Amino acid sequence: MTVLVVGSVALDSVETPFGKADDVLGGSATFFSAAASHLTPVQLVGVVGSDYPMDKLRPLVDRGVDLGGLEQAEGESFRWRGRYRHDLNSAETLETRLGVFSHFRPKIPEAFRNAPFVFLANIDPRLQLEVLKQVSRPKLVACDTMNFWIESRRPDLIELLGHVDLITLNDGEARQLTETSNLVKAARWLLERGPTHVIIKKGEHGAFMFTKDSVFFAPAYPLEDVFDPTGAGDSFAGGFIGYLARSGDLSEASLRRAVIYGSAMGSFAVERFSIGRLMEIGSADIARRVGEFHRLVSFEAELPG
Ligand code: AMP
């Protein structure tokens, strides 16, 4: 089943302890599509400026990403500049230039409006809300966000919570949005405002999935070399939703497996700058890594009785 993603398509400039990259392919919708397209067809809606190197998106098209909803507008593309120091878990934003994003109004093409899975990747929550007015009854709507929007658009984000089935965000963002330091309480706060599932990612310390009456935890894959964490969250979301769309199964067991697919895709994303590694891997690599996750968490319990 198809996934519709609406989010940023950016040019990123990133500095990590291991190197620097300037104006490389980035953005929440880009990483999401790169990951999800390994599992299911993807339809992308977004905007780039007249300076965007459109030919660099070719590998995504070759992977089956439909760019029929990607507008090219007059002006500068969205640019994000960030730095990671030795703690690779937290990005320091040095600059965000909205460019053509500041006047963007998402227009969902007719052919995309019936997508059964919708991912509202990190963009202005007002635009995320506009997207929902244009789609017809998806099976699952999920969203993501970040500190930039929590600071500038908190009321819109809270409104958005009432219209989504699932939200993914990292621990810092969960604390900031809910104004609660304890993550279990933060998850409950979010669940009370709409979504039935809340996923809180903790970088190299794994990810929690909360519902009103259950908690599931998956570790992050213990990689020896993390090169650039940019896009790990969006790739997690791509693996997660991509798996659900492929299986069409929204049972709790399937959602838990989806968390593992998300963790696997996030772990590939951080092995190179931009979407480099995600464009290299194939289904055998993904299956192998999911198998490694299985071994990582398997143990035989000695429970009384
Ligand atoms: P993450 O998966 O959280 O590491 O997201 C990284 C991507 O988010 C980068 O490729 C950026 O281009 C993009 N990004 C950064 N800031 C924003 C923002 N304010 N709105 C939308 N996308 C952003």
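Residue positions within a chain follow its written sequence, with the count starting from 1. The predicted nature of this model means local features are confined to residues of pLDDT at least 70 and side-chain atom pairs, given and counted, to a pLDDT of 80 or more, with totals for whole chains, interfaces and linings taken over all residues. As a rule here, side-chain values cover all heavy atoms of the structure and leave hydrogens and water aside.

K.L.:
Please provide a residue-by-residue account of the site of the ligand, values included.
P.N.:
Ser 8, Asp 12, Gly 27, Gly 231 and Asp 234 are the nearest of the 18 residues found near the ligand. Residues adjacent in sequence count toward polar contacts only when both atoms are side-chain atoms; beyond that, a polar contact is any pair of N or O atoms within 3.5 Å, and within protein one must be able to donate a hydrogen and the other to accept it. Gly 231 is positioned such that a nitrogen or oxygen atom in its backbone is 2.7 Å from an oxygen atom of the ligand. With respect to the ligand, the side chain of Asp 234 contributes an N or O atom lying 2.7 Å from an oxygen atom. All accessible-area figures derive from a Shrake-Rupley calculation using a 1.4 Å probe, and residue coverage is judged against the displayed protein chains alone. Considered on its own, the ligand offers 500 Å² of accessible surface; in the complex 89% of this is hidden by protein. Among the secondary structure elements, those contributing two or more residues to the shell around the ligand are β2 (10-16), β6 (78-83), α4 (147-152) and α8 (232-247). Each helix is a run of H or I in the DSSP string that is no shorter than four residues. Each strand is a run of E no shorter than two, and both are numbered from the N terminus. It is α8 that contributes the most residues to the shell around the ligand, three residues altogether. Neighbouring residues are identified by heavy atoms, a residue being near a molecule or strand if any of them is within 4 Å of it.

K.L.:
An account of the sheet that holds strand β3 (residues 19-26) is requested, with residue identities and associated values reported.
P.N.:
Here a strand pair is declared whenever DSSP counts at least two bridges between the two strands. If you trace the four strands from one edge of the open sheet to the other, you get β3-β2-β6-β7, paired in mixed fashion. Each edge of the open sheet carries a strand with a single partner, namely β3 and β7 (92-97). Each strand axis lies, on average, 15 degrees off the axis of its neighbour in the sheet, ignoring direction. Examined bridge by bridge, β2 and β3 share six bridges and lie antiparallel to one another. The partner of Val 14 across the bridge, within β3, is Ala 21. The contact definition used throughout considers only heavy atoms, calling two residues in contact when any of these lie within 4.5 Å. Helix axes are fitted only over the stretch in contact, all axes being lines through C-alpha atoms; the angle between N-to-C directions runs from 0 to 180 degrees. Packing of helix α1 (residues 28-36) onto the sheet brings it into contact with β2 and β3, and relative to β3 it is tilted by some 85 degrees.

K.L.:
Run through the pattern of salt bridges, naming residues and quoting values.
P.N.:
Think of it this way: side chains of opposite charge can pair up when their charged atoms draw near. Definition used for salt bridges: Asp or Glu carboxyl oxygen within 4 Å of a side-chain nitrogen of Lys or Arg. For the structure shown, the criterion picks out 21 salt bridges. Residue Arg 79 is joined to Asp 23 by a salt bridge in which the shortest nitrogen-to-oxygen separation is 3.3 Å. Of the two residues, Arg 79 is situated in strand β6 and Asp 23 in strand β3; the sequence distance between them amounts to 56 residues. As a salt-bridge pair, Arg 193 and Glu 192 come within 4.0 Å of each other at their nearest N and O atoms. Type-normalised accessible area, obtained with a 1.4 Å probe on protein chains alone, sets the label of each residue: buried when under 20%, exposed when over 50%, and partly exposed for intermediate values. Classification of Arg 193 as partly exposed rests on a relative accessible area of 32%. Given a relative accessible area of 54%, Glu 192 falls into the exposed group.

K.L.:
Tell me what's going on with the nonpolar core, and back it up with residues and numbers.
P.N.:
Across soluble globular proteins, nonpolar side chains show a tendency to be buried alongside one another. The term nonpolar core refers to a set of buried residues drawn from Ala, Val, Leu, Ile, Met, Phe, Trp, Tyr and Cys, joined through side-chain atoms within 4.5 Å. With 53 residues, the main nonpolar core has Phe 240, Ile 241 and Leu 278 as its most contacted residues. At nine residues, the largest contribution of residues to this core is made by helix α9 (residues 252-269). Counting residues in hydrophobic clusters, the runner-up holds 45 residues, among them Phe 78, Leu 127, Leu 129 and Leu 183.

K.L.:
Quick rundown of the packing of α8 against α9? Include the residues and the values.
P.N.:
The interhelical angle for the contact between α8 and α9, taken along N-to-C directions, is 140 degrees, at an axis separation of 7 Å. In terms of their interaxial angle, α8 and α9 are classed as oblique. In the crossing of α8 with α9, the sense of the turn from one axis to the other is right-handed. Counting all contacts with α8, which are made through Ala 232, Ser 235, Phe 236, Gly 239, Phe 240, Tyr 243, Leu 244, Arg 246 and Ser 247, the residues of α9 involved are Ser 254, Leu 255, Arg 257, Ala 258, Val 259, Tyr 261, Gly 262, Ser 263, Met 265, Gly 266 and Ala 269. Lys, Arg, Asp and Glu make up the charged group, whereas Ala, Val, Leu, Ile, Met, Phe, Trp, Tyr, Cys and Pro make up the nonpolar group; the residues left over, Gly among them, are polar. Among the residues forming the contact of α8 with α9, the class breakdown is 11 nonpolar, seven polar and two charged. For this classification, under 35 degrees means roughly parallel, over 145 means roughly antiparallel, 65 to 115 means roughly perpendicular, and everything else is oblique. Working rule for handedness: look at the near helix, and if it is turned counterclockwise from the far one by less than a right angle, call the crossing left-handed; if clockwise, right-handed.

K.L.:
I'd like a description of the packing of aromatic side chains, backed by residues and values.
P.N.:
In summary, the pairing rule links any two rings of Phe, Tyr or Trp, Trp by its six-membered ring, whose centres are within 6.5 Å, and it sorts them by plane angle into stacked for under 30 degrees, edge-to-face for over 60 and tilted for everything else. Applying the stated criterion to the full structure yields 11 aromatic pairs. For the pair Phe 78 and Phe 101, a centre-to-centre distance of 5.6 Å together with 75 degrees between the ring planes defines the contact as edge-to-face. With Phe 78 in strand β6 and Phe 101 in the loop between β7 and β8 (117-120), the pair connects residues that are 23 residues apart, well separated along the chain. What links up through ring pairs into an aromatic cluster is the set Phe 18, Phe 227 and Phe 273. To sit over a ring, a charge needs its Lys NZ or Arg CZ within 6 Å of the ring centre and within 35 degrees of the ring normal. Looking at Arg 193, its charged tip hangs above the ring of Trp 189, at a distance of 3.8 Å from the centre.

K.L.:
Tell me about the sheet that holds strand β5 (residues 65-72), and name the residues and values.
P.N.:
Read across the open sheet, the nine strands follow the order β5-β4-β1-β8-β9-β10-β11-β12-β13; overall the sheet is mixed. Edge positions in the open sheet fall to β5 and β13 (214-218), since each of these has one partner strand only. Within this sheet the neighbouring strands show an average axis-to-axis angle of 15 degrees, counted without direction. By the bridge criterion, four bridges tie strand β1 (residues 3-6) to strand β4 (residues 42-48) in an arrangement that is parallel.

K.L.:
A description of the packing of helix α5 (residues 154-161) against helix α6 (residues 171-178) should follow, citing residues and the corresponding values.
P.N.:
Their axes nearest at 11 Å, the elements α5 and α6 cross at an angle of 100 degrees. Considering their axes alone, α5 and α6 lie roughly perpendicular with respect to each other. Contacts between α5 and α6 pair Arg 154, Leu 157 and Ile 158 from the former with Gln 176, Leu 177 and Thr 178 from the latter. Among the residues making up the contact of α5 with α6, the classes are represented as three nonpolar, two polar and one charged.

In short, geometric facts, not functional conclusions.
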